[in-house]
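If you want the building blocks of each chain, they are given just below.
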Amino acid sequence: MRMRTVEISVGAFLLAGLFALVLLALRVSGLSVNADNTTYRLYAEFDNVGSLTKRAKVAMGGVTIGRVVDIELDKKTYMARVIMDIETNVDNIPVDSSAAILTAGLLGEKFIGISIGGSRDFFKDGETIDDTQSAIVLEDLIGKFLLGSVGKDDEESNDSF
Amino acid sequence: MSRLLDHVATLGRSGLEVLQAMGRATIMLGMALFGRSSSHGSMPSLVVKQIYAVGVLSLIIITVSGVFIGMVLGLQGYNILVRYGTEQSVGQMVALSLVRELGPVVTALLFAGRAGSALTAEIGLMKATEQLSSLEMIGVDPLKRIIAPRFWAGFISMPLLACIFSMVGIFGGSMVGVDWLGIYEGSFWGNMQQSVDFWNDVVDGLIKSVMFGFVVTWIAVFQGYDAVPTSEGISRATTRTVVYASLAVLGLDFILTAVMFGDL
Amino acid sequence: MNQENESFIEIRGLTFMRGDRVIFDNIDMDIPRGKVTGIMGPSGTGKTTLLRLIGAQLRPDAGKIFVDGRCVSTMGRDELFRVRSRMGMLFQSGALFTDITVFENVAFPLRVHTRLSEQMIHDIVLMKLQAVGLRGASQLMPAELSGGMSRRVALARAISLDPDFIMYDEPFVGQDPIAMGVLVNLLRKLNNALNLTSVIVSHDLSETASIADYLYLLADGHVIAGGTPDELQSSEDPKVRQFMNGIPDGPVPFHYPADDYAKELLGERP
Ligand SMILES: Nc1ncnc2c1ncn2[C@@H]1O[C@H](COP(=O)(O)OP(=O)(O)O)[C@@H](O)[C@H]1O
Ligand SMILES: [Mg+2]
């Protein structure tokens, strides 16, 4: 009889532990059970990736559609080459779309935002996004601002500030 | 000069003692888990009994600590992040710190104090009261009958306890953040889901707690088995379990974190 | 192999060390079959150690121990398992398993070594408990027993498999006079009824001498004397005399720590 209560409580404990793990998976990390996690690969070259890191998200219209897998320096062009995995079900990114490195909030993490182009051809596995816009490096901006050169040199682009 | 040599010799001797103890611990575990003698009792039911002792009985301290740590994280995170207007990422901060670090580490430390010390004292007392010898004389290998089920129980219980700790901690954080401080629930959980990755955060945290479970339980059962069978010997062994297990957990945590999250 | 007048246990040239300390220095001993042999000596001489050596829980540094003609000191695990099923050992502290009831303690060796039905086990256990006068305590946990009662339960456990050979480590310590009388009778009766070979390790001269057929005196790693109780009583050897007269007689061994102390002090002077 006492052994039975022990067995029942151990069983309940094991279930509670597994249930917590399931909650961690679904509720906390947002792992979706049904989505097949296949991806295809896209590349993009930037002059400067700033503090973009591996595992940063790739978003389109605010929705995450993939992740940055790796960042490396292209030795020929001296550009930063970003390797991204995009979810297979997002297979209709027009080839003239542009990629920009954006910041979530003022000091938040960097991510890649893709703005849709108008072409009827879509990116396929292994292709490279040509139209890119580098990270806004806050220090550079502040430096320019302090030197009073923001208004003079960057007349056209200071709308971003 | 000779004083200096004495010190060097002392150092060498304690180094050798540590190595010997590690050797004994390895042999003990090897014989307990892979030795071919029989436990003369069904291993699953022996393990279930021990899971009750080390796992179920640790549940209260684990859940209570988890809730409070989650609440504190939520409160501190809010106070810092609200200055930058990013209080909606409190959920992300609470979840990441719990899942990656605090869940496995704090659970392991509490486990060493609650269950590890009890294991050491129990086994040491069995040795002192000649129960282990008595088993041997009856023809049952105490490594199989006493050590192995306790080891498995600790090894199985720890990851489950760590999951429960993290989960109740996150709920504690949401209680403070959402219900009390009024962060919008959607962005609290949404931000969290955006930044917590199942494979890289949850599973890595789980791997950590599996390793901690292995190390803490191993230290605890070995210290009991190797204890000097007197009341003083047992009390020392119990202290050693808590100290060594805590140091091992913190050291191992650094190494694992460097490997998992440090781009090494 | 089973000749009646052969020794059940033969110890030849046994040397055993704890670190640098020599516990036994090349000793020889014979334990006669079917008899009760007492092994006596001041505490710390290694009486318990000797029993562990016979049970092959410890291995000698030199020399051999034969149990029923077979050398246990070099025996493999499986053979040892079979030999131990025929040995009972009553530990100094009783050594009951504290997490199971008295009943389950006594049933434990039966469950390990036999495939008897639950009904048979039940009957045997109650018989053994009845023999030590504790049938009524069968559902108690060991923590609920006194020291003397635990030792009696441990005795029931040691005889549960009807062994050929039992070793008792200090069986009389902590027994009240009534239980002591019962226990002495029980040991004697068990030995006669089951044709057991028994070894009793004790300080308690009068009780041991009253049931032992043969006595050995151990001191400083040597066997200082061996013989029947009467022979030892009339021995002229000063060491034997000191030991035989040094311990106050009586059912409760009240003074033994003081005597060991005195002996130790005397023994340390060269
Ligand atoms: N595990 C051990 N490690 C080191 N020394 C021990 C150990 N067990 C016993 N001894 C030493 O061996 C000696 C003999 O012990 P023991 O056989 O228990 O004596 P007895 O039973 O005659 O009182 C003691 O002096 C004790 O200090
Ligand atoms: Mg002793």
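Source: prediction; values computed, not measured.

### Quick notes on the environment of Cys71(C)
Residues and elements named next belong to chain C. In this structure, Cys 71 sits in strand E5 (residues 70–71). Relative accessible area serves as the criterion here: at 15%, Cys 71 is assigned to the buried category. Put simply, Cys 71 and Ala 56 are 15 residues apart on the chain and 9.7 Å apart in space, counted from C-alpha to C-alpha. The residues touching Cys 71, leaving out its near neighbours within four places in the chain, are Lys 64, Ile 65 and Phe 66.

### Details of the interface of chain B and chain A
Counting from both sides, the interface comprises 36 residues of chain B and, opposite them, 28 residues of chain A. Both faces combined, the contact of chain B with chain A buries some 2600 Å², and carbon together with sulfur accounts for 73% of it. Summed over the shared surface of chain B and chain A, the number is zero salt bridges. Applying the counting criterion to the chain B and chain A interface returns one residue pair in polar contact (both at pLDDT 80 or more).

### Topic: the sheet that holds strand E5 (residues 98–103) of chain A
Residues and elements named next belong to chain A. Taken in spatial order, the eight strands line up as E7-E1-E4-E3-E2-E6-E5-E8 in an open sheet, and their pairing is mixed. The sheet terminates laterally at strand E7 (127–129) and strand E8 (131–133), the two strands that pair on one side only. Here the strands of the sheet are splayed against their neighbours by 35 degrees on average, with no regard to which way each runs. As paired elements, strand E2 (residues 57–60) and strand E6 (residues 110–115) share three bridges and run parallel to each other. Counted as the bridge partner of Met 60 is Ile 114 from E6.

### Concerning the pairing of strand E4 (residues 79–87) of chain A
Residue and element names in this part refer to chain A. By the bridge criterion, eight bridges tie strand E1 (residues 39–46) to E4 in an arrangement that is antiparallel. Pairing of Tyr 43 across the sheet is with Ile 83, part of E4. Judged from the eight bridges that link them, strand E3 (residues 63–74) and E4 form a sheet pairing that is antiparallel. Paired with Leu 73 across the bridge in E4 is Ala 80. As consecutive antiparallel partners, E3 and E4 are separated by four residues, and within that stretch Tyr 78 has a phi angle of approximately 60 degrees, a positive value.

Reading the values: rules and limits
Numbers given to residues run from 1 along each chain, matching the order in which its sequence is written. Here the convention is simple: chains get letters from A, ligands get numbers from 1, in the order in which they are written. Per-residue local features of the predicted model are confined to residues with pLDDT of at least 70, and side-chain atom pairs are confined, for both listing and counting, to 80 or more; whole-chain, interface and lining totals are unaffected and use all residues. To obtain the side-chain values, all non-hydrogen atoms of the structure were included, while hydrogens and water were left out. Think of it this way: any DSSP run of H or I at least four residues long counts as a helix, any run of E at least two long counts as a strand, and we number them from the N terminus. Categorising residues by exposure relies on relative accessible area from a 1.4 Å probe, with only protein chains included: less than 20% of the type maximum marks a residue as buried, more than 50% marks it as exposed, and the intermediate range marks it as partly exposed. The contact criterion used throughout is that any non-hydrogen atoms of two residues lie within 4.5 Å. Each of two parts loses accessible area, computed with a 1.4 Å probe, when they are put together; buried area is these two losses added. Any Lys or Arg side-chain nitrogen found within 4 Å of a carboxyl oxygen on Asp or Glu counts as a salt bridge. Polar contact is defined as a pair of N or O atoms within 3.5 Å, subject to the rule that within protein one atom must be able to donate a hydrogen and the other to accept it, and that residues adjacent in sequence are counted only when both atoms are side-chain atoms. Only strands that DSSP links by at least two bridges are regarded as paired with each other. Lines fitted to the C-alpha atoms define the axes, with helices restricted to the stretch that makes contact. Angles between their N-to-C directions range from 0 to 180 degrees.

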